[in-house]
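The primary structure of each chain is shown beneath.
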Amino acid sequence: NAGVMQNPRHLVRRRGQEARLRCSPMKGHSHVYWYRQLPEEGLKFMVYLQKENIIDESGMPKERFSAEFPKEGPSILRIQQVVRGDSAAYFCASSPPRGAGTEAFFGQGTRLTVV
Amino acid sequence: SQQGEEDPQALSIQEGENATMNCSYKTSINNLQWYRQNSGRGLVHLILIRSNEREKHSGRLRVTLDTSKKSSSLLITASRAADTASYFCATDKNDYKLSFGAGTTVTVRA
């Protein structure tokens, strides 16, 4: 059973370009979470999705960022018109339907560098 | 503001020694989890402790939780070079939104 798969592992974009980050959850997991980690900091929650639904996007910047988790295929975190401040590691986690004490499994992350 | 705050920020120990790090949080929680992150890698889940539990063990790891003080500790016994990593505590109030601290960086010297 493969773990949470994220691709690409590293992504370089010029300012103003679009970045698309993909996350395939573990088999049997229907819940996906995206987190951002700035250098020397902990992870910050961005968004929580179930299939075809955004459940909580309270951590998403209001502009340029969007996320989806379609019925088929991976979850996508999309950043339009990237700026240098978007440079960070973006982690995806997945879990089965949540209950008390459900563990979330994290992917290896995508490291975005904006030049 | 971050919910979990780890202390110390950095820890350097000799192989074979024990490493202890602490986590404090501000609001009530359902669960507290500890994760390990090796440099440039993803997070590995170590242990989850529920708010009604006081202590849990997993191999060389021992986690305590004191909800009255809103704090938790992670003890790694008989440390190894492979334990060199950053350790994060994460709390959740509603079973999905994890709040992470900035982490404790542990270096185990051979």
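Each remark here, short or long, concerns the structure printed above.
Residues numbered from 1 in each chain as written. Chains lettered and ligands numbered in written order. Predicted model: local features only at pLDDT ≥ 70, side-chain atom pairs only at ≥ 80, totals over all residues. Heavy atoms only, no water.

## As for the overall build of chain B
What counts, and what does not: Working definition: helices are DSSP H or I runs of at least four residues, strands are E runs of at least two. Numbering for both runs from the N terminus. Based on C-alpha atoms, the radius of gyration is set beside the globule rule, defined as 2.2 Å times the residue count to the power 0.38. The rule is simple: take the accessible area with a 1.4 Å probe, protein chains only, and divide by the maximum for that residue type; under 20% is buried, over 50% is exposed, in between is partly exposed. We call two residues in contact when some of their heavy atoms are within 4.5 Å. Residue burial considers only the protein chains on display, and all accessible areas are found by Shrake-Rupley using a 1.4 Å probe. In this tally, Lys and Arg are treated as positive and Asp and Glu as negative; His is ignored, and so are the chain termini. The atoms used to mark charge sites are NZ of Lys, CZ of Arg, CG of Asp and CD of Glu.
For chain B, the count of helices and strands is zero helices and 11 strands. Relative to the 2.2 N^0.38 estimate, which gives 13 Å for 110 residues, the radius of gyration of chain B is 13 Å and therefore close to what a compact globule would have. Dimensions along the principal axes, computed over C-alpha positions, put chain B at roughly 40 × 25 × 20 Å. Looking at chain B residue by residue over its 110 residues, the buried ones come to 46%. Counting only contacts in chain B whose residues sit at least 6 apart along the sequence, the fraction spanning at least 24 positions is 54%. Accessible area for chain B stands at about 5,100 Å²; split by element, carbon and sulfur atoms hold 43% of it. Distance between charge centroids for chain B: 3 Å, based on 14 positive and 11 negative side chains.

## Describing the nonpolar core
Filter applied, for reference: Side-chain atoms within 4.5 Å are what join buried Ala, Val, Leu, Ile, Met, Phe, Trp, Tyr and Cys residues into a set we call a nonpolar core.
Counting 23 residues, the largest nonpolar core has W34(A), M46(A), L77(A) and Y90(A) as the members making the most contacts within it. With 21 residues, the next largest nonpolar core counts A19(B), L32(B), Y87(B) and C89(B) among its residues.

## Quick word on the pattern of salt bridges
All names here are of chain B. To keep things clear, this is the line we draw: Whenever Lys or Arg places a side-chain nitrogen within 4 Å of a carboxyl oxygen from Asp or Glu, that contact is recorded as a salt bridge.
Taken as a whole and assessed by the stated rule, the structure comprises six salt bridges over all chains. Residue R62 is joined to E55 by a salt bridge in which the shortest nitrogen-to-oxygen separation is 3.1 Å. Between D83 and R60 there is a salt bridge, and its shortest N-O distance comes to 2.9 Å. Of the two residues, D83 is situated in the loop between β8 (71-76) and β9 (85-92) and R60 in the loop between β6 (55-58) and β7 (61-66); the sequence distance between them amounts to 23 residues.

## Quick look at the interface of chain B and chain A
Note the cut-off: What gets called buried area is simply the loss in accessible area from a 1.4 Å probe that two parts show on being joined, summed for both. Pairing of N or O atoms within 3.5 Å defines a polar contact, subject to two protein rules: one partner must be a possible hydrogen donor and the other a possible acceptor, and residues neighboring in sequence count only if both atoms are side-chain atoms.
Tallying the contact residues gives 20 residues for chain B and 25 residues for chain A. Here chain B meets chain A over a buried area of about 1,800 Å², counting both sides, of which 51% is carbon and sulfur. Applying the counting criterion to the chain B and chain A interface returns zero salt bridges. The interface formed by chain B and chain A contains four residue pairs in polar contact (both at pLDDT 80 or more).

## Regarding the state of the cysteines
All names here are of chain A. Selection criterion: When the sulfur atoms of two cysteines come within 2.5 Å, that pair is taken as a disulfide.
Per the counting criterion, the structure on display carries two disulfides over all chains. A sulfur-sulfur distance of 1.8 Å marks the disulfide that ties C23 to C92. Here C23 and C92 share a disulfide; its torsion about the S-S bond, -55°, makes the bridge left-handed. One end of the pair, C23, is in strand β3 (residues 19-24); the other, C92, is in strand β9 (residues 88-95), and 69 residues separate them in sequence. Taken as a pair, C23 and C92 share a single burial class, namely buried.

## Considerations on unusual backbone geometry
Of note, the amide linkage connecting N7(A) to P8(A) takes the cis form, showing an omega dihedral of -5°. Mapped onto the elements, P8(A) comes out in the loop between β1 (5-7) and β2 (10-13). P8(B) follows D7(B) through a cis peptide bond whose omega is 0°. Within the chain, E52(A) stands out as a residue other than glycine whose phi angle is a positive 65°. As for its position among the elements, E52(A) is in the loop between β5 (43-50) and β6 (53-56). A positive phi angle, close to 75°, is found at R64(A), a residue other than glycine.

## Some remarks on the pairing of β6(A)
Residue and element names in this part refer to chain A. Here is the rule: A pair of strands is considered paired only if DSSP assigns at least 2 bridges between the two.
Here three bridges tie β5 to β6, and the two strands are oriented antiparallel to one another. The residue bridging L49 from the neighbouring strand is I54, located in β6. Two successive antiparallel strands, β5 and β6, enclose a turn made up of two residues, where E52 displays a positive phi of approximately 65°.

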